[in-house]
Amino acid sequence: MAQHVRGVIARAKGEPVELTTIVVPDPGPGEAVVDIQACGVCHTDLHYREGGINDDFPFLLGHEAAGVVESVGEGVTEVAPGDYVILNWRAVCGQCRACKRGRPQYCFDTHNAKQKMTLLDGTELTPALGIGAFADKTLVAAGQCTKVDPAASPAAAGLLGCGVMAGIGAAINTGNVGRGDSVAVIGCGGVGDAAVAGARLAGARRIIAVDIDDRKLEKARSVGATHTVNSREADPVEAIRELTDGFGADVVIEAVGRPETYRQAFYARDLAGTVVLVGVPTPEMQLELPLLDVFGRGGALKSSWYGDCLPSRDFPMLIDLYLQGRLDLDAFVTETVGLDDVEEAFARMHRGDVLRSVVVL
Ligand code: APR
Ligand code: ZN
Ligand code: ZN
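Residues numbered from 1 in each chain as written. Chains lettered and ligands numbered in written order. Predicted model: local features only at pLDDT ≥ 70, side-chain atom pairs only at ≥ 80, totals over all residues. Heavy atoms only, no water.

Per an unreviewed UniProt entry, the chain goes by the name S-(Hydroxymethyl)mycothiol dehydrogenase and belongs to Streptomyces odorifer. Looking at the chain in UniProt, the text filed under Sequence similarities (unreviewed entry) is "Belongs to the zinc-containing alcohol dehydrogenase family." (UniProt positions renumbered as here; feature names shortened; annotations may be inferred.)

This is the structure:
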């Protein structure tokens, strides 16, 4: 039986979100219905509402979630009712060229639920990133569910579904930060701070946090930064060099997405160092660099998409590290709110007042 539950939708471009009744069908073959327990508020949800992603309104928002599998459709073997899961927005196909070459992080054919959730009048909803978890329940592909230890609180666990995984993964997967490395993180919002936490987890010796806001720098210290630089007050490239005995950082992680910070990241790395780009620029942004600087420094420029994560490998591991007290996911939860507070949470996120607001159900 299809169920009627509450969900937060964006009905039209730029309009405030709306808490309404949605219809969640029974899971079809390969699908699961998940009872959502918590879902973080991410910039991408706001981008959907603003029409910055596509025009497939109405959207069912929310995509950083943890919950309990309620029911599964035919042929589902990945999870069973009662499993505590984190949802991911990239369930890989196992068949494409990337999957077959052992690099499923670059899968070209990710799977979402085939059936549609709807409004009461039958209007089809587009779930944000194929998830739609600002809702009591949602319908996903079973491969979007990764079972983790139920001892982890839903508010903390859900964060691994998007931004926090992107940051941690930028450090440990894309940047391959190693024991003793110097790491600089430019931009210390939720993603940058997660990169700081990832660098600490990987055994970095120096972790230099750069931001334009002292509140953010203080927070970055609390998750593992050993040094901080306010780039309104000091040239961050020079500061990073000074803090790394004149060399530059082994790994520089850019988590803003602007030309000037891309440039800083580029010049703040040591010879043969790695630059990891996590901040997402807008289409009109350009960066001009002397080719000799691109050529002459060696090393690698990498972009990091979803932290190059493999949910089945990374989610259970990071949850275990969290439960052992080695990764403080709770530090990323600034506040917990209700389903009726998403619009207000967007405003606080926009003002930079929070790392993450998490809707708890
Ligand atoms: N230099 C340094 N820091 C900056 C600058 C700058 N010029 N401009 C902004 N910042 C800081 C902000 O003060 C803030 O702390 O960058 C941080 C951005 O954080 P959030 O807005 O909270 O964004 P977050 O969720 O962390 O995402 C960062 O990563 O995945 C991408 O799409 C995401 O592009 C976004 C980026
Ligand atoms: Zn694939
Ligand atoms: Zn997100």
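Read on, since the account is not over.
Asker: Talk me through the coordination of the zinc ion (ligand 2); I want residue IDs and the actual numbers.
Answerer: Each donor-metal-donor angle would ideally measure 109.5 degrees in four-coordinate tetrahedral geometry, or 90 or 180 degrees in six-coordinate octahedral geometry. Those donors, Cys93 (SG), Cys96 (SG), Cys99 (SG) and Cys107 (SG), are the protein atoms that reach the zinc ion (ligand 2), and they lie 2.3 to 2.4 Å from it. Around the zinc ion (ligand 2), the four donor atoms are arranged such that angles at the metal cover 107 to 117°; this shape is classified as tetrahedral. The sequence pattern describing where the donors of the zinc ion (ligand 2) fall on their chain is C-x2-C-x2-C-x7-C. You can see Cys96 sitting in the loop between β6 (84–87) and α2 (97–100) and its partner Cys107 sitting in the loop between α2 and β7 (118–119), a full eleven residues away along the chain. Cys107 carries the same exposure label as Cys96, and that label is buried. (Donors = N, O, S within 2.8 Å, 3.2 Å for Na, K, Ca; no water. Tetrahedral: all angles 85-135°; square planar, octahedral: opposite > 155°, others 65-115°. Helix = DSSP H or I, 4+ residues; strand = E, 2+ residues; numbered from the N terminus. Buried < 20%, exposed > 50% of the residue type's maximum accessible area, 1.4 Å probe, protein only.)

Asker: Please set out empty space enclosed by the protein residue by residue, giving values where relevant.
Answerer: In this structure the tally under the stated criterion is one cavity of 30 Å³ or more. Estimated volume of the largest cavity: approximately 50 Å³. In this structure, the largest cavity is lined by Ala197, Arg200, Leu201, Val223, Arg326, Leu327, Asp328 and Phe332. Looking at the lining of the largest cavity residue by residue, the class counts come to five nonpolar, no polar and three charged. (1 Å grid on protein atoms, 1.4 Å probe; cavity = no way out; pocket = protein on both sides within 12 Å on 5 of 7 lines; lining within 4 Å. Points joined across faces, edges and corners; volume = space filled by probe spheres on them. Nonpolar A, V, L, I, M, F, W, Y, C, P; charged D, E, K, R; others polar.)

Asker: Residue-level account of the coordination of the zinc ion (ligand 3), with values.
Answerer: Distances from the zinc ion (ligand 3) to its protein donors, namely Cys42 (SG), His63 (NE2) and Cys162 (SG), fall within the range 2.1 to 2.2 Å. Positions of the donor residues of the zinc ion (ligand 3), expressed as sequence spacing, correspond to C-x20-H-x98-C. Of this pair, Cys42 sits in the loop between β3 (31–40) and α1 (43–49) while Cys162 is found in the loop between α3 (154–159) and α4 (163–174), placing the two residues 120 residues apart along the sequence. You can call Cys42 buried: its relative accessible area is 5%.

Asker: Break down the side chain of Thr244 for me, with residues and values.
Answerer: Secondary-structure assignment places Thr244 in the loop between α7 (236–243) and β14 (249–254). Polar contacts involving the side chain of Thr244 include one to the main-chain carbonyl oxygen of Ile240, which spans 2.7 Å. Each residue touching Thr244, except ones within four places of it in the same chain, is listed here: Ser182, Arg206, Ile208 and Ala249. (Polar contact = N/O pair within 3.5 Å; in protein donor to acceptor, adjacent residues only side chain to side chain. Contact = heavy atoms within 4.5 Å.)

Asker: Which residues make up a nonpolar patch on the surface, and what are the values?
Answerer: Together, Leu291, Val294 and Leu301 make up a nonpolar patch on the protein surface, roughly 300 Å² of accessible area in all. Val294 sits in the partly exposed class, given a relative accessible area of 34%. (Patch = residues over 30% accessible without salt bridge, like charges linked within 9 Å, V, L, I, M, F, W, Y side chains within 5 Å. Areas by Shrake-Rupley, 256 points an atom, 1.4 Å probe, with all protein chains shown as cover. Salt bridge = Lys/Arg side-chain N within 4 Å of Asp/Glu carboxyl O.)

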